[in-house]
Amino acid sequence: MQVTKMANLRWAFQCGSWVPTQAEWALAAQCVQPEEKERIGRFVFKKDAKSAMVGRLLLRKAIADTLHIPYNDIRLARTEKGKPYLTNPVPANFARFNLNISHQGDWAVLAAEPTRQVGVDVMKIELSRGNKSVTEFLDTFQRQFTVQEMRTIKAPLTEKGQLAMFYRHWCLKESYVKALGIGIGFTLQRLDFRINTHDLSTETIVQDTQVLVDNESDESWIFEETCLDQDHCVVTACKCDEQCNRKETTGHSPCHPFVVQTINTLLSGAQTQSGEDIQYWERFCEKLEQPTGR
């Protein structure tokens, strides 16, 4: 089986601006596994259905392009904690290949690594519904952050700056948990992130944030932090163990910027697994884009 030499993928898709045509939605639905198609169809709002669909297409495209497994032979499953993984046999040199997706706000993202454990998380920098102030919002998350982290989060002079720092910390924690595939049940306050570069932008990738786990520094992790636009931050967490190349975790790891994908690139080379379902498109059209008032 032919495989791509390197698989350090960082892909992003702007779901918020995607208005699917009937042909696009129908083809996308035919290219995911039937159980995933059914799950996506149960979403109440178009926004969530689009993000979930794009997430599955990102996974399948990354696997097909990297491992050259025939598209309609790709079989994905989920761990008990919900992390997607490939059930197909893979070449020995890609036995540790793993990938992760996230979608929130207007973006869906994917990160893939040939050997390192990887997790990715994207968040929109906004005040959640039902919160009257940023202070009230931050106070509801006191138990998820250490005293030092909360001090860093509240340090910016503007509310926008505080929200940006909050979501940056949230992405750091979520990317760590997702890389390990442990999900719900992990006490986030066990993680204590130390920010060294305070500002993120779309032009740079920050890699100097450090993590303490149960008050002990863990240098086996590297976190790639950047912004997709002025309203979305994203973090990719990579863990190296004894079988990995230790040079990748020295803080001088090559930067992997996110490459924006289009629906045409995601569906390029795709093979259908089922026939066209007109009712699936009609039910999609009946949905509201998102909850009213947003």
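Residues numbered from 1 in each chain as written. Predicted model: local features only at pLDDT ≥ 70, side-chain atom pairs only at ≥ 80, totals over all residues. Heavy atoms only, no water.

Trainee: Talk me through the pattern of salt bridges; I want residue IDs and the actual numbers.
Mentor: In the structure shown here, the tally under the stated rule is 18 salt bridges. Between Glu 224 and Arg 10 there is a salt bridge, and its shortest N-O distance comes to 3.0 Å. With Glu 224 in strand β10 (residues 221-229) and Arg 10 in strand β1 (residues 9-14), the pair connects residues that are 214 residues apart, well separated along the chain. We classify Arg 10 as buried; its relative accessible area is 2%. In this structure, a network of salt bridges that share partners links the residues Arg 10, Glu 113, Arg 116 and Glu 224. (Salt bridge = Lys/Arg side-chain N within 4 Å of Asp/Glu carboxyl O. Helix = DSSP H or I, 4+ residues; strand = E, 2+ residues; numbered from the N terminus. Buried < 20%, exposed > 50% of the residue type's maximum accessible area, 1.4 Å probe, protein only.)

Trainee: Tell me about the packing of aromatic side chains, and please be specific about residues and values.
Mentor: A full pass over the atoms with the stated rule returns 19 aromatic pairs. Grouping aromatic residues by their ring pairs yields a cluster made of Phe 13, Trp 18, Trp 25, Tyr 280, Trp 281 and Phe 284. Over the aromatic face of Phe 284 sits the side chain of Lys 46, whose NZ or CZ is 5.5 Å from the ring centroid. Across from the ring centre of Tyr 71, 5.1 Å away, lies the NZ or CZ of Arg 60, which sits over that ring. (Phe/Tyr/Trp six-rings, centres within 6.5 Å; stacked < 30°, edge-to-face > 60°. Lys NZ or Arg CZ within 6 Å of the ring centre and 35° of its normal.)

Trainee: Any details on the packing of helix α1 (residues 22-31) against helix α3 (residues 46-67)? Residues and values, ideally.
Mentor: Two packed helices can be described by the angle between their axes and the distance between those axes. Two elements in contact, α1 and α3, have axes whose closest approach is 10 Å; the angle formed by their N-to-C orientations is 55 degrees. On the basis of their axis angle, the class for α1 and α3 is oblique. Crossing of α1 over α3 shows left-handed handedness. Contacts from Trp 25, Ala 28, Ala 29 and Cys 31 of α1 reach α3 at Ala 49, Lys 50, Met 53, Leu 57 and Arg 60. Class assignment of the residues belonging to the contact of α1 with α3 gives a composition of seven nonpolar, no polar and two charged. (Axes fitted to C-alpha atoms, helices over the stretch in contact; angles between N-to-C directions. Parallel < 35°, antiparallel > 145°, perpendicular 65-115°, else oblique. Left-handed = near helix turned anticlockwise from the far one by under 90°. Contact = heavy atoms within 4.5 Å. Nonpolar A, V, L, I, M, F, W, Y, C, P; charged D, E, K, R; others polar.)

Trainee: Help me get a handle on the sheet that holds strand β7 (residues 191-194), residues and values and all.
Mentor: Spatially, β7-β8-β9 is the arrangement adopted by the three strands of the open sheet, whose pairing is antiparallel. Whereas interior strands pair on both sides, the edge strands pair on one side only; in this sheet they are β7 and β9 (216-217). Bridge analysis of strand β8 (residues 210-213) against β9 gives two bridges, and the strand direction is antiparallel. Residue pairing for β9: Val 213 is matched across the bridge by Glu 216. (Pairing = 2+ DSSP bridges.)

Trainee: Now, about α1: what can you tell me, with residues and values included?
Mentor: Among the ten residues that make up α1, seven are buried, leaving the element largely enclosed by the rest of the structure. For α1, the complete set of buried residues consists of Glu 24, Trp 25, Ala 26, Ala 28, Ala 29, Gln 30 and Cys 31. Turning to α1, the residues buried within the fold contact α2 (34-41), α3, α7 (263-267) and α8 (278-286).

Trainee: So what's going on with the layout of surface pockets? Residues and values would help.
Mentor: Taking a probe equal in size to a water molecule and rolling it over the atoms shows the remaining empty space. Here the largest pocket defines a volume of roughly 620 Å³. Lys 81, Gly 82, Ile 101, Glu 174 and Lys 178 are, among the 28 residues lining the largest pocket, the residues nearest its centre. Looking at the lining of the largest pocket residue by residue, the classes come out as ten nonpolar, ten polar and eight charged. In terms of lining, the second largest pocket is formed by 15 residues, of which the most central are Ala 164, His 198, Asp 199, Leu 200 and Cys 227. Secondary-structure elements contributing two or more residues to the lining of the second largest pocket are α6 (159-180) and β10. (1 Å grid on protein atoms, 1.4 Å probe; cavity = no way out; pocket = protein on both sides within 12 Å on 5 of 7 lines; lining within 4 Å. Points joined across faces, edges and corners; volume = space filled by probe spheres on them.)

Trainee: Hey, could you go over the nonpolar core for me, with residue numbers and the actual values?
Mentor: Membership of the largest hydrophobic core comes to 41 residues, with the highest contact counts inside it found for Trp 25, Met 53, Leu 57, Ile 63 and Leu 110. Counting only elements with at least two residues in this core, the list comes to β1, α1, α3, β4 (98-104), β5 (107-113), α7 and α8. By residue number, the principal contributor to this core is α3, which donates eleven residues. If sequence neighbours within four positions are ignored, Met 53 has contacts with Trp 25, Ala 28, Ala 29, Val 32, Ile 40 and Tyr 280. (Core = buried A, V, L, I, M, F, W, Y, C linked by side-chain atoms within 4.5 Å.)

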